[in-house]
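# Per-entry structural report
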Amino acid sequence: MKSLYKILTLFVAGTVLLAGCGTKQETEKTATTPNANTASTQDNSSTDNSNKDSSVSTNNNNSTDHHNIGTDSPNTDNASQTEAKPPTKKKLSYTKDGKTYEETGKLETSENQSFSLYVLGNWKLEAEEPNSDVLLKDRSFVRIRLVQPDDNETDYAKMVEDQAKAVTSNAVQQETNNLQGMLHQAVWYKAYTNDTAVNVLWIKGNVPMIVNIQTPRNQEVLEPIFAMLETIQKLDTSQTN
């Protein structure tokens with residue numbers, strides 16, 4: 001009987017010891033689990049911070065890109081405006097009696113007919129009528145009247161002929177097929193009085209015009225006049241307004 005009690009006592013003691021060991025192992029496992037969770041939380045926090053840093057960097061780069069675009073555009077516009085503006089003075093050359101001359105022309109603008117040209121020496125540009133301007137120098141003048149190239153109702157060739165023959169019926173048409181520049185294929189009549197030379201032209205170039213040139217007969221020097229007329233350019237009225 002005593003032996004049975006001893007056996008039962010040993011069995012109970014063993015059971016208690018085994019239960020204690022199991023509880024200790026579970027306690028150790030429970031103690032180590034928070035560390036793993038903490039490490040995971042730290043990793044996630046690090047990842048979030050990294051993403052935030054990346055987002056801030058991207059936003060800063062985008063802000064810089066927009067700033068650069070904003071500062072480049074005005075410079076481009078200013079460069080275009082500078083390139084489009086013609087110089088206030090320009091060297092004009094012409095040939096007279098086989099010799100080449102060069103003079104400086106000053107940029108002038110006709111508000112009367114909305115065109116610009118370079119004016120030489122002592123010549124002056126003045127408005128004469130609503131549809132014409134004149135270049136003046138001493139006893140010489142050049143009347144300039146711009147015409148519409150698509151005006152099919154007006155016979156400009158007949159107009160030029162009539163103006164020349166109003167000076168004298170002996171007005172002579174000049175050959176222009178072999179001439180260069182704006183005079184090529186122009187309609188040109190020349191007339192003389194006792195002391196005056198009159199040249200009337202219908203110029204058909206980029207800027208069509210009727211030109212009436214009157215000079216003293218002994219001072220009929222047309223080459224510098226043609227050099228000035230070659231520089232006529234129509235103005236863009238949409239920009240000037």
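Above this text you will find the structure in question.
First, a word on what this report is: a plain description of the structure on this page.

Conventions and cut-offs
- Residues numbered from 1 in each chain as written.
- Predicted model: local features only at pLDDT ≥ 70, side-chain atom pairs only at ≥ 80, totals over all residues.
- Heavy atoms only, no water.
- Pairing = 2+ DSSP bridges.
- Helix = DSSP H or I, 4+ residues; strand = E, 2+ residues; numbered from the N terminus.
- Contact = heavy atoms within 4.5 Å.
- Axes fitted to C-alpha atoms, helices over the stretch in contact; angles between N-to-C directions.
- Phe/Tyr/Trp six-rings, centres within 6.5 Å; stacked < 30°, edge-to-face > 60°.
- Buried < 20%, exposed > 50% of the residue type's maximum accessible area, 1.4 Å probe, protein only.
- Salt bridge = Lys/Arg side-chain N within 4 Å of Asp/Glu carboxyl O.

### With respect to the sheet that holds strand E1 (residues 89-96)
- Taking strand neighbours across the sheet as the criterion, the four strands line up as E1-E2-E3-E11 in an open arrangement whose pairing is antiparallel. Among the strands making up the open sheet, the edge pair consists of E1 and strand E11 (233-234).
- Bridging between E1 and strand E2 (residues 99-110) involves eight bridges; their strand directions are antiparallel. Pairing of Thr-95 across the sheet is with Thr-100, part of E2.

### Considerations on the sheet that holds strand E4 (residues 124-129)
- Judged by pairing direction, the sheet is antiparallel, and its seven strands sit side by side in the order E4-E5-E6-E10-E9-E8-E7 without closing on themselves. Whereas interior strands pair on both sides, the edge strands pair on one side only; in this sheet they are E4 and strand E7 (172-173).
- Relative to strand E9 (residues 196-203), helix H2 (residues 156-167) is tilted by about 175°, and along the sheet it contacts strand E6 (140-146), strand E8 (187-192), E9 and strand E10 (209-216).

### What to know about the packing of aromatic side chains
- Taken as a whole and judged by the stated rule, the model has three aromatic pairs.
- Relative to Trp-202, the ring of Tyr-156 lies with its centre 5.5 Å away and its plane at 45°, an arrangement referred to as tilted. Here Trp-202 lies in strand E9 and Tyr-156 lies in helix H2, a separation of 46 residues in the sequence. Grouping residues by exposure puts Tyr-156 and Trp-202 together as buried.

### Some details on the pattern of salt bridges
- Taken as a whole and judged by the stated rule, the model has five salt bridges.
- Arg-143 is the partner of Glu-128 in a salt bridge, and the nearest nitrogen-oxygen pair spans 2.7 Å. With a gap of 15 residues between them, Glu-128 in strand E4 and Arg-143 in strand E6 connect regions that are remote in the sequence.
- For Glu-128, a relative accessible area of 35% translates into the label partly exposed.
- The class of Arg-143 is partly exposed, set by a relative accessible area of 27%.
- The salt bridge involving Asp-162 is made with Lys-158; its shortest N-O contact spans 2.9 Å. Here Lys-158 and Asp-162 lie together in helix H2, a separation of four residues that amounts to about one turn.
- We classify Asp-162 as partly exposed; its relative accessible area is 39%.
- What makes Lys-158 partly exposed here is its relative accessible area of 41%.

### As for the side chain of Ser-132
- Considering the arrangement of structural elements, one finds Ser-132 in strand E5 (residues 132-137).
- Ignoring sequence-local partners within four residues, the contact set of Ser-132 consists of Asn-112, Gln-113, Ala-127, Arg-143, Ile-144 and Arg-145.

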